[in-house]
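Each chain is listed here by its residues.
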Amino acid sequence: MEDSENMILIADAGSTKTEWCCAGKTVLTQGINPFMQTEEDMVAVLSEASAQLPVPSSIRFYGAGCTPEKSVVVKRLLSVVFPCSDIEVYSDLLAAAHALCGHKAGVACILGTGSNSCLYDGERIVKNTPALGFILGDEGSGAVLGKLFLNALLKGRVEAGVAEAFRNEAGMTQAEIINRVYRQPMPNRFLASLSAFIGKHRDNPSVRAIIEHNFSAFFDNNIAPYFAGNQPCAEICFVGSIAFHYQDILRAVASAKGYTVGRIMQSPMPGLTAYYSA
């Protein structure tokens, strides 16, 4: 049993789900994103996690939307829910860097509900192409994949068999889709949830073209600026459900653009636990 005086709680919070790990116990809760949730909503998720976990001696929380300003808010809420004074809040991008690269330099990327990337020098992030969210950016993400698919579906660019399968499975009219995207909360989660359907039809040429376009835009808009026209000199590593489940297509698109893809992890937690165990 781990010494209670050295019991670290590690949290990896995305917009869709949060993974908590403490003393070998893993708990999953809803996502936490301070840009998209009220403090009351975040406290409810934190309280749910706290009720299922041992009392930690320290907390290392990595989260989507944890900018320096929002990190202060999340740290305060953690201190209210957890009886712990040693609390640090970091961005989910640093979680990716720690999990994928450890203490070595590299390029770390997130492709999940949202997307992000950075140049990491082994200790800190030295350059970051802004992600900008699924409306202005987030290329390569599940939310943008869903957005691209719905655009193609509603404008008749998806093959008839796939379109019919979607109507039968989702049972949503155009008006209902518009309502979910523009009038209901968490549209990014809804759009990313369409990846389950898209993945089942990934071998259809019209669907594969959408997936390839999403990844191509990610490399062109987010990775290329790190090398400023020079030959890529580092492996590009990824964490996140979209990178993991579509890794064959991701690697193919990267190779066509001259990039080498290294490690791909579905979740950063194994890498984070290794980082703090070293």
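Here, every reference points to the structure presented above.
Residues numbered from 1 in each chain as written. Predicted model: local features only at pLDDT ≥ 70, side-chain atom pairs only at ≥ 80, totals over all residues. Heavy atoms only, no water.

## Concerning the sheet that holds strand E9 (residues 236–239)
Move 1: Spatial ordering of the open sheet is given by E8-E7-E6-E9-E10, a layout of 5 strands whose pairing is mixed. Edge positions in the sheet fall to strand E8 (125–127) and strand E10 (261–265), since each of these pairs with one other strand and no more. Looking at each pair of strands side by side, their axes are set apart by 35° on average, direction ignored.
Move 2: As paired strands, strand E6 (residues 106–111) and strand E7 (residues 115–120) are joined by 6 bridges and run antiparallel to one another. Note on E7: the bridge partner recorded for Gly106 is Tyr120.
Move 3: Relative to E10, helix H12 (residues 247–256) is tilted by about 160°, and along the sheet it contacts E6, E9 and E10. (Pairing = 2+ DSSP bridges. Helix = DSSP H or I, 4+ residues; strand = E, 2+ residues; numbered from the N terminus. Axes fitted to C-alpha atoms, helices over the stretch in contact; angles between N-to-C directions. Contact = heavy atoms within 4.5 Å.)

## Some remarks on the side chain of Arg60
Move 1: By the element assignment, Arg60 lies in strand E4 (residues 58–63).
Move 2: The class for Arg60 is buried, based on a relative accessible area of 14%.
Move 3: In this structure the side chain of Arg60 is engaged in a polar contact, spanning 3.2 Å, whose partner is the side chain of Asp86.
Move 4: Arg60 has contacts with Ile8, Leu9, Ile10, Ala11, Asp86, Ile87, Glu88, Tyr90 and Tyr276, leaving out every residue within four places of it along the chain. (Buried < 20%, exposed > 50% of the residue type's maximum accessible area, 1.4 Å probe, protein only. Polar contact = N/O pair within 3.5 Å; in protein donor to acceptor, adjacent residues only side chain to side chain.)

## Quick look at the packing of aromatic side chains
The relative placement of two aromatic rings is captured by the distance of their centres and the angle of their planes.
Move 1: Under the definition given, this model contains 13 aromatic pairs.
Move 2: Measuring from ring centre to ring centre gives 6.3 Å for Phe227 and Tyr259, while their planes differ by 45°; the resulting arrangement is tilted. Of this pair, Phe227 sits in helix H10 (residues 205–227) while Tyr259 sits in the loop between H12 and E10, and the two are 32 residues apart along the sequence. Across the pair, exposure class does not vary: Phe227 and Tyr259 are buried alike. (Phe/Tyr/Trp six-rings, centres within 6.5 Å; stacked < 30°, edge-to-face > 60°.)

## Some thoughts on the sheet that holds strand E3 (residues 25–30)
Move 1: Here we have 5 strands laid out as an open sheet, ordered E3-E2-E1-E4-E5, and mixed in their pairing. Looking along the sheet, the strands with just one partner apiece sit at the ends: E3 and strand E5 (86–91). Recorded for the sheet is a direction-independent mean angle of 15° between the axes of neighbouring strands.
Move 2: Two elements, strand E2 (residues 17–22) and E3, share 6 bridges in a ladder whose sense is antiparallel. By the bridge assignment, Thr18 is partnered in E3 with Thr29.
Move 3: Of the strands in this sheet, strand E1 (8–13), E2, E4 and E5 are in contact with helix H13 (residues 269–277), which crosses E1 at around 150°.

## Let's talk about the nonpolar core
Move 1: Ranked by internal contacts, the top residues of the largest apolar core, which has 44 residues, are Phe149, Leu150, Phe215, Phe219, Ile223 and Phe238.
Move 2: No other element matches the 9 residues that H10 contributes to this core.
Move 3: Within the second largest apolar cluster, 24 residues are counted, among which are Met7, Ala11, Phe61 and Val89. (Core = buried A, V, L, I, M, F, W, Y, C linked by side-chain atoms within 4.5 Å.)

Worth remembering: the numbers are spatial, not functional.
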